[in-house]
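Observations on the three-dimensional arrangement
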Amino acid sequence: MLRFQHTEYLWAFVLLIVLVLAFAWVTWWKRRSVRRLGDPVMVEKLFSGYSRRLFTVKFLLLFIAFFFGVIGLANLQKGSRVEKITRKGVDVIIALDVSKSMLATDAKPDRLTRAKQLVIKLMEKLDNDRVGIVVFAGNAYLQMPLTIDYSAARMYLGSISPDLIPKQGTEINEAIRVSDEAFNKKERKHKALIIISDGEDHNEGAIAEARKALENGVVINTVGIGSPTGSPLPDPENGGVKKDREGNTVISKLNEDALKSLAAEGKGMYLHMMNNTDEVVDALATKIDRMEQKEFGENVFTDYNSYFQYFLGISLVLILLEFFIPEGKKKKAEELPGLKTAQAK
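Residues numbered from 1 in each chain as written. Predicted model: local features only at pLDDT ≥ 70, side-chain atom pairs only at ≥ 80, totals over all residues. Heavy atoms only, no water.

Quick look at the packing of aromatic side chains
Just so we agree on the cut-off: Put simply, two rings from Phe, Tyr or Trp (the six-membered ring, in Trp's case) pair if the centres are within 6.5 Å, and we call them stacked under 30 degrees between planes, edge-to-face over 60, tilted for the rest. Secondary structure elements follow DSSP: runs of H or I of four or more residues count as helices, runs of E of two or more count as strands, with numbering from the N terminus. The buried label applies to any residue whose accessible area, calculated with a 1.4 Å probe on protein chains only, is under 20% of its type's maximum; exposed applies above 50%, and partly exposed to all values in between. Only Lys NZ and Arg CZ are tested; either one counts as a charge over a ring when it is within 6 Å of the ring centre and within 35 degrees of the ring normal.
Per the stated rule, a full pass over the model turns up nine aromatic pairs. Here F13 and F67 contribute two aromatic rings whose centre-to-centre distance is 5.3 Å and whose plane-to-plane angle is 40 degrees, an arrangement assigned as tilted. With F13 in the loop between strand 1 (2-4) and helix 1 (14-37) and F67 in helix 3 (residues 52-74), this residue pair connects regions lying 54 residues apart in the sequence. By relative accessible area, F67 is classed as partly exposed at 34%. Between F23 and F59, the aromatic rings sit 4.1 Å apart at their centres with planes inclined by 15 degrees, giving stacked as the arrangement. You can see F23 sitting in helix 1 and its partner F59 sitting in helix 3, a full 36 residues away along the chain. Neither residue differs from the other here; F23 and F59 are each classed as buried. An aromatic cluster of at least three residues, connected via ring pairs, comprises F13, F67, F68 and F311. The positively charged end of R3 is found above the aromatic ring belonging to Y304, 3.7 Å away from the centroid.

Take a look at the structure:
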């Protein structure tokens with residue numbers, strides 16, 4: 001099993017795009033400057049010491065060095081020893097709403113970010129419980145199966161955004177169905193589902209799905225995030241707020257009634273979260289701890305081999321190689337005007 005120990009450094013890959021754009025701009029600027037001086041062929045001869053090919057090679061070396069450097073900093077690891085660990089806990093699936101209404105800023109900095117913070121803090125409270133993640137909007141899918149590898153769960157959380165599911169909506173019924181299927185069908189207890197959503201535009205079939213899940217032993221808890229009075233939605237296209245066809249500002253409101261009904265149907269509890277993340281985490285952790293627990297064995301990697309030194313070494317070699325490669329070609333002796341004149345005499 002391969003993993004990155006420090007996934008936060010992987011965001012640096014975005015800078016690769018910046019490097020490419022910078023290279024393209026510099027290349028364009030140099031070509032434009034040459035055209036302004038006169039005929040490109042003649043100008044190239046005047047600047048015979050400059051090599052476009054060497055300039056490109058130097059850029060490629062830096063680009064690849066940066067790529068390997070980021071992998072080295074993130075520390076690519078491979079599992080080296082597997083142990084079967086017996087634990088006692090509960091299976092917990094977190095269904096996270098990733099619809100665009102979760103970008104509303106009534107919960108700072110926005111609902112989705114606050115929801116992710118809630119999940120991370122909750123995992124810090126859990127010990128031997130297995131955790132899975134389902135994301136949903138206009139449809140739902142299992143992003144991470146049940147596991148005790150909380151570091152993997154944090155990595156998955158980092159990649160969650162509304163772009164994961166292009167189809168918009170809040171299909172909570174689909175989230176419940178997918179979550180129910182992710183649990184062990186042979187068991188009728190030890191299963192908890194936590195739905196984090198603003199409940200907006202939910203599907204009416206959610207109550208029916210909640211009943212089916214409860215019959216399979218799934219206890220449903222819901223967390224409503226946002227304000228019942230609502231908040232405007234940001235519009236990334238114009239940097240302002242989203243408006244409808246009539247030009248009115250779109251307001252996204254928390255639908256507490258829908259989420260409360262689901263929690264009641266699922267024999268769980270409803271919690272409202274705004275600026276009280278710790279209180280909500282404590283309540284959920286207490287609820288899970290009080291559930292009947294089960295013993296389960298799972299093969300997990302207990303030791304990992306690190307390979308950061310190889311990637312950083314390659315990066316350093318490429319940087320040194322780039323440093324010693326000149327940007328221009330060396331002029332031959334016969335190409336030097338002064339030397340040519342002397343030889344003629």
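Next comes the rest of the description.
Considerations on helix 4 (residues 111-125)
We apply this condition: A helix is expected to reach a length of 1.5 Å times the quantity of its residues less one. A 3.5 Å cut-off defines polar contacts: any pair of N or O atoms within that distance qualifies, except that in protein one atom must be a possible hydrogen donor and the other a possible acceptor, and neighbouring residues in sequence count only when both atoms are side-chain atoms.
End to end, helix 4 covers 21 Å across 15 residues, agreeing with the expected 21 Å (1.5 Å per residue, within 8%). Within helix 4, the full set of buried residues consists of R111, L112, R114, A115, K116, L118, V119, L122 and M123. Capping of helix 4 at its N-terminal end is provided by D110; its side-chain oxygen lies 3.1 Å from the backbone amide nitrogen of L112.

Observations concerning the pattern of salt bridges
Convention followed: Here, a salt bridge means any Lys or Arg side-chain nitrogen found within 4 Å of an Asp or Glu carboxyl oxygen.
With the rule as written, the count across this model stands at 11 salt bridges. For K58, the salt bridge identified is with E322, shortest N-O distance 2.9 Å. With K58 in helix 3 and E322 in helix 10 (residues 308-324), this residue pair connects regions lying 264 residues apart in the sequence. For the pair K58 and E322, a shared accessibility class is recorded, and that class is buried. Linking K125 and D282 is a salt bridge whose minimum nitrogen-to-oxygen distance equals 3.2 Å. You can see K125 sitting in helix 4 and its partner D282 sitting in helix 9 (residues 277-289), a full 157 residues away along the chain. We classify K125 as partly exposed; its relative accessible area is 48%. Within the structure, one salt-bridge network assembled from shared partners comprises D106, R111 and D198.

Remarks on the nonpolar core
Using the following cut-off: By convention a nonpolar core is built from buried Ala, Val, Leu, Ile, Met, Phe, Trp, Tyr and Cys residues, the set being connected through side-chain atoms within 4.5 Å. Throughout, a residue-residue contact means that at least one pair of heavy atoms, one from each residue, lies within 4.5 Å.
Counting residues in hydrophobic clusters, the biggest one holds 38 residues, and the most contacted among them are L96, V98, L122, I160, I194, I196 and V223. Ranked by the residues each element gives to this core, the list is headed by helix 4, at six residues. Residues in contact with I194, not counting those within four places in the same chain, are V92, I93, I94, A95, L122, N221, V223, L284 and I288. With 23 residues, the next largest nonpolar core counts A95, A175, I220 and L262 among its residues.

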